Amino acid sequence: MESALKDLSTPTGGVEDVYGEDCATEDQCITPWTIAVSSGYNLLRDPRYNKGLAFTERERDAHYLRGLLPPVISSQELQEKKLMQSIRQYDVPLHKYVAMMELEERNERLFYKLLIDNVEELLPIVYTPTVGEACQKYGSIFKRPQGLYISLNEKGRILEVLKNWPEKSIQVIVVTDGERILGLGDLGCQGMGIPVGKLALYTALGGVRPSACLPITIDVGTNNEKLLNDEFYIGLKQRRATGQEYYDFLHEFMSAVKQNYGEKILVQFEDFANHNAFELLAKYRTSHLVFNDDIQGTASVVLAGLIASLKLLGGALCDHTFLFLGAGEAGTGIAELIALEISNKTKIPVEETRKKIWLVDSKGLIVSGRKETLQAFKKPWAHEHEPVNNLLDAVKAVKPTVLIGTSGTGRTFTKEVVEAMACMNKRPLIMALSNPTSQAECTAEEAYTWSEGRVVFASGSPFPSFEYDGKLNIPGQANNCYIFPGFGFGLVMSGTIRVHDDMLLAASEALAAQVTEEHYAKGMIYPPFADIRKISAHIAASVAAKAYELGVATRLPQPADLVKYAESCMYTPNYRSYR
């Protein structure tokens with residue numbers, strides 16, 4: 001009997017089952033033992049250190065890789081060429097997205113090498129517009145955790161959950177509750193695609209180390225009936241928590257983050273619904289290093305485009321009149337930063353500079369007669385005027401030089417609206433900022449055609465160049481990617497402890513300064529994404545300089561040349577040699 005039991009504990013092949021894994025029944029617990037130093041098969045499975053066929057002969061000997069790889073030794077450049085050829089064979093953008101995510105899961109450095117070297121081609125894949133579709137289908141493409149999911153089930157234990165993340169030196173957290181994903185609405189737990197994508201760009205475009213980035217989804221339920229009835233939905237199948245329960249849970253999260261990671265951890269709020277986004281930003285901006293990309297990042301990148309466009313439109317910012325379609329996070333955030341910039345330049349109180357800016361929401365022009373029924377964040381924009389019910393009449397009444405769309409509703413800049421703008425202005429500026437592409441207020445082709453080629457145009461998602469009357473027009477892309485990676489990197493490299501509005505203005509001016517005469521000649525008001533790492537270094541330097549000036553930077557002494565310092569601190573994805 002004893003010998004029979006002994007036989008059971010020895011698997012075929014004569015290898016002793018030291019930990020009892022092979023003889024344990026399925027309902028018995030075993031310990032998932034690992035080794036401390038990554039080598040052999042484990043090294044090939046570790047995305048941070050895996051180099052695939054690029055391991056040298058010496059590395060293959062030193063790390064027990066002989067026989068685990070084919071004999072050929074490939075360079076990182078050849079691997080990159082091979083993968084780009086493979087990705088370009090896919091016709092469906094979502095398939096390209098999945099291919100990129102699979103690459104990140106097996107070879108982190110090669111993923112970032114691909115993204116940095118081919119940023120203009122791959123940015124629409126890993127970010128808008130493809131990331132929106134990825135979020136809609138995130139449950140079906142989910143394979144392995146890329147961040148932390150903190151649900152109501154973890155109430156009272158959030159600090160403990162944060163400690164489960166393997167990396168301890170976190171510098172940037174991007175967090176969403178999934179309630180307002182792009183223009184797609186409530187996607188609940190499937191909103192994780194947004195923090196994952198944003199942080200990939202923090203690394204690729206801004207130079208923050210990937211190990212210092214942590215994507216988090218706060219799951220408080222969803223009101224999306226389709227998801228609640230989907231048997232494959234990966235989140236809590238319950239209605240969203242609201243009110244005090246919601247804010248208590250978020251407060252526990254913010255307190256735990258600060259306790260676990262310290263004063264200098266940057267928390268970026270992403271795709272929270274309006275009614276929560278403004279309140280969370282206002283509540284925590286005085287006690288935490290927080291940033292809302294939808295409110296502040298969008299505002300900063302749009303302001304940069306406005307500053308740059310003055311070369312084409314003429315005049316100063318204070319000479320222009322602005323009309324917004326959309327009065328949510330993005331619209332009011334942009335409007336406030338424009339008013340602040342004009343105030344800083346003219347020394348006119350911001351209460352006065354706001355009067356150059358008008359907003360239209362779903363009920364029409366925001367005017368003082370509606371003040372009693374307006375949400376708090378809309379009230380500063382309620383100016384004296386007769387009621388106006390639609391955008392076209394608002395354009396005719398206000399006579400704006402700049403029309404900005406943040407409505408989240410596609411095709412709202414109609415032919416009549418664009419023609420009215422072109423009739424009033426020699427060179428109207430139209431910014432159709434809603435994402436994804438299907439939700440843009442108008443297309444670049446429509447804007448150029450209806451304005452007879454005179455419009456200066458920018459959008460949130462990319463549009464192709466368009467030729468009108470023999471002139472090639474290159475649409476600007478007012479993409480937050482220009483701002484948030486460099487902005488966040490500037491905060492991290494200077495050890496800043498609070499975000500100030502003046503830092504956003506500094507970021508806008510730094511971005512606008514990167515637009516050259518060559519770009520202006522093509523109608524561009526943003527520099528090409530191909531230069532994004534250089535652009536991010538300049539933005540980071542400007543943000544850091546402002547932080548030192550305001551006395552909120554803790555990394556002392558201040559470097560003599562902040563641009564060079566930023567460039568020297570940036571993560572680079574080139575392979576390292578292993579000993």
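Everything quoted here is computed from the prediction, not taken from an experiment.

**Q** A description of the overall build of the protein should follow, citing residues and the corresponding values.
**A** Each helix and strand in the protein was counted, giving 25 helices and 14 strands. Here the C-alpha radius of gyration of the protein, 26 Å, is about what a compact globule of 579 residues would show, namely 25 Å. For the protein, the spread of C-alpha atoms along the principal axes amounts to about 95 × 50 × 50 Å. Within the protein, buried positions represent 56% of all 579 residues. By sequence separation, contacts in the protein at least 24 residues apart represent 71% of the contacts at least 6 residues apart. On the protein, roughly 25,500 Å² of surface is accessible, and the fraction owed to carbon and sulfur atoms is 51%.

**Q** Explain the packing of aromatic side chains to me, using residue names and the numbers behind them.
**A** Scanning all chains against the criterion turns up 15 aromatic pairs. Relative to Y112, the ring of F111 has its centre 4.9 Å away and its plane inclined at 80°; by these criteria the two rings are edge-to-face. Y112 matches F111 in its accessibility class, with the two residues each being buried. With a centroid separation of 5.2 Å and an interplanar angle of 65°, the aromatic rings of Y202 and F484 are classed as edge-to-face. Taken together, the positions of Y202 in helix α11 (residues 193-204) and F484 in helix α21 (residues 484-494) put the pair 282 residues apart, joining distant regions of the chain. Accessibility assignment for this pair places Y202 and F484 in one class, buried. Put simply, the rings of Y448, F457, F463 and F466 pair up and form one aromatic cluster. Over the aromatic face of Y578 sits the side chain of K51, whose NZ or CZ is 4.6 Å from the ring centroid.

**Q** Break down α11 for me, with residues and values.
**A** Taking 1.5 Å as the rise per residue, α11 with 12 residues should run 16 Å; its terminal C-alpha atoms sit 16 Å apart, in good agreement. Extensive coverage of α11 is indicated by the burial of 12 of its 12 residues. G193, I194, P195, V196, G197, K198, L199, A200, L201, Y202, T203 and A204 are the residues of α11 that are buried.

**Q** Explain the domain arrangement of the protein to me, and be specific about the residues and the numbers.
**A** Parsing the protein into structural domains produces domain 1 (44-126), domain 2 (129-291), domain 3 (297-478) and domain 4 (482-569). For domain 1 versus domain 2, the distance between C-alpha centres works out to 28 Å. Facing the 19 residues of domain 1 at the interface are 23 residues of domain 2. When domain 1 packs against domain 2, the two sides together hide about 1,700 Å² of surface, and 64% of this comes from carbon and sulfur. Seen at the junction of domain 1 and domain 2, the total is one salt bridge. With a shortest N-O distance of 1.9 Å, E167 and R48 are connected by a salt bridge. Across the contact surface, domain 1 and domain 2 share two residue pairs in polar contact (both at pLDDT 80 or more). Contributions of two or more residues to the side of domain 1 that touches domain 2 are made by α5 (93-106), α6 (108-117) and α7 (119-126). The element contributing the most residues to the side of domain 1 that touches domain 2 is α5, with eight residues.

**Q** Account for the sheet that holds strand β1 (residues 148-151), naming residues and giving values.
**A** Read from one edge of the open sheet, five strands run β1-β3-β2-β4-β5, paired in parallel fashion. The open sheet has two edge strands with one neighbour each: β1 and β5 (289-292). This sheet shows a mean twist of 25° between the axes of neighbouring strands, independent of strand direction. Bridge count between strand β4 (residues 266-269) and β5: four bridges; the pairing is parallel. Its bridge partner being in β5, V267 is matched across the sheet by V290.

**Q** Just give me the short version of the pattern of salt bridges, but keep the residues and values in it.
**A** Pairing is possible between side chains of opposite charge, provided their charged atoms come close. Applying the stated criterion across every chain yields a total of 29 salt bridges. For the salt bridge of E160 with R157, the shortest nitrogen-to-oxygen distance reads 3.1 Å. Relative accessible area serves as the criterion here: at 44%, E160 is assigned to the partly exposed category. R180 is the partner of D271 in a salt bridge, and the nearest nitrogen-oxygen pair spans 3.5 Å. With D271 in the loop between β4 and α14 (274-284) and R180 in the loop between β2 (172-176) and α11, this residue pair connects regions lying 91 residues apart in the sequence.

**Q** Mind laying out the environment of P464, listing which residues take part and the relevant values?
**A** Residue position: P464 is located in the loop between β11 (456-459) and β12 (466-468). Taking the C-alpha atoms as reference, P464 lies 9.6 Å from T443; in sequence the two are 21 residues apart. Contact partners of P464, with chain neighbours within four places excluded, come to A444 and P475.

**Q** Describe the UniProt feature "binding site: a divalent metal cation" (unreviewed entry) in the protein, naming the residues involved and giving the relevant values.
**A** UniProt tags E270, D271 and D294 as "binding site: a divalent metal cation" (unreviewed entry). Separation in sequence by 25 residues is not matched in space for these annotated residues, since their most distant C-alpha atoms are only 6.8 Å apart. For E270, the position within the fold is in the loop between β4 and α14. Judged by its relative accessible area of 2%, E270 is buried. When sequence neighbours within four positions are dropped, the list of residues in contact with E270 reads V174, V175, T176, D177, I194, K198, D293 and D294. As for its position among the elements, D294 is in helix α15 (residues 293-313). The class for D294 is buried, based on a relative accessible area of 9%. Apart from the residues within four sequence positions on either side, D294 is in contact with R180, F269, E270, D271, F272, E329 and A330. A polar contact is formed between the side chain of D294 and the side chain of R180, at a distance of 3.3 Å.

Each value, and the rule that gives it
- Position numbers for residues count from 1 along each chain, tracking the sequence in the order it is written.
- With the structure being a predicted model, the display of local features is reserved for residues of pLDDT at least 70 and the display and counting of side-chain atom pairs for 80 or more, all residues being used for whole-chain, interface and lining totals.
- Note that water and hydrogens are dropped before the side-chain values are worked out from all heavy atoms of the structure.
- The secondary structure listing takes helices from DSSP runs of H or I that are at least 4 residues long and strands from runs of E that are at least 2 residues long, numbered from the N terminus.
- With C-alpha atoms as the basis for the radius of gyration, the globule rule is written as 2.2 Å multiplied by the number of residues raised to the power 0.38.
- For each residue, the accessible area found with a 1.4 Å probe, counting protein chains only, is set against the maximum for its type, and the residue is called buried under 20%, exposed over 50%, and partly exposed in between.
- In this description, contact between two residues means that some pair of their heavy atoms is separated by no more than 4.5 Å.
- Only the protein chains shown count as cover for residues, with accessible areas throughout obtained via the Shrake-Rupley method and a probe of 1.4 Å.
- Put simply, two rings from Phe, Tyr or Trp (the six-membered ring, in Trp's case) pair if the centres are within 6.5 Å, and we call them stacked under 30 degrees between planes, edge-to-face over 60, tilted for the rest.
- By the criterion adopted, a ring carries a charge over it if an Arg CZ or a Lys NZ lies within 6 Å of its centre and within 35 degrees of its normal.
- Multiplying 1.5 Å by the helix residue count minus one yields the expected span of that helix.
- Bear in mind that the domain bounds are from an automatic or database domain assignment.
- Once two parts are put together, the accessible area they lose, assessed with a 1.4 Å probe and summed over both, is termed the buried area.
- Every case where a carboxyl oxygen of Asp or Glu lies within 4 Å of a side-chain nitrogen of Lys or Arg is listed as a salt bridge.
- Here a polar contact is recorded for every N or O atom pair within 3.5 Å, except that within protein the pair must consist of a potential hydrogen donor and a potential acceptor, and residues adjacent in sequence are included only if both atoms are side-chain atoms.
- For two strands to count as paired, DSSP must find a minimum of two bridges between them.
- Note on definitions: angles span 0 to 180 degrees between N-to-C directions of axes, and those axes are lines fitted to C-alpha atoms, for helices only across the stretch in contact.
- UniProt positions are given in the numbering used here, feature names are shortened, and annotations may be inferred rather than shown by experiment.

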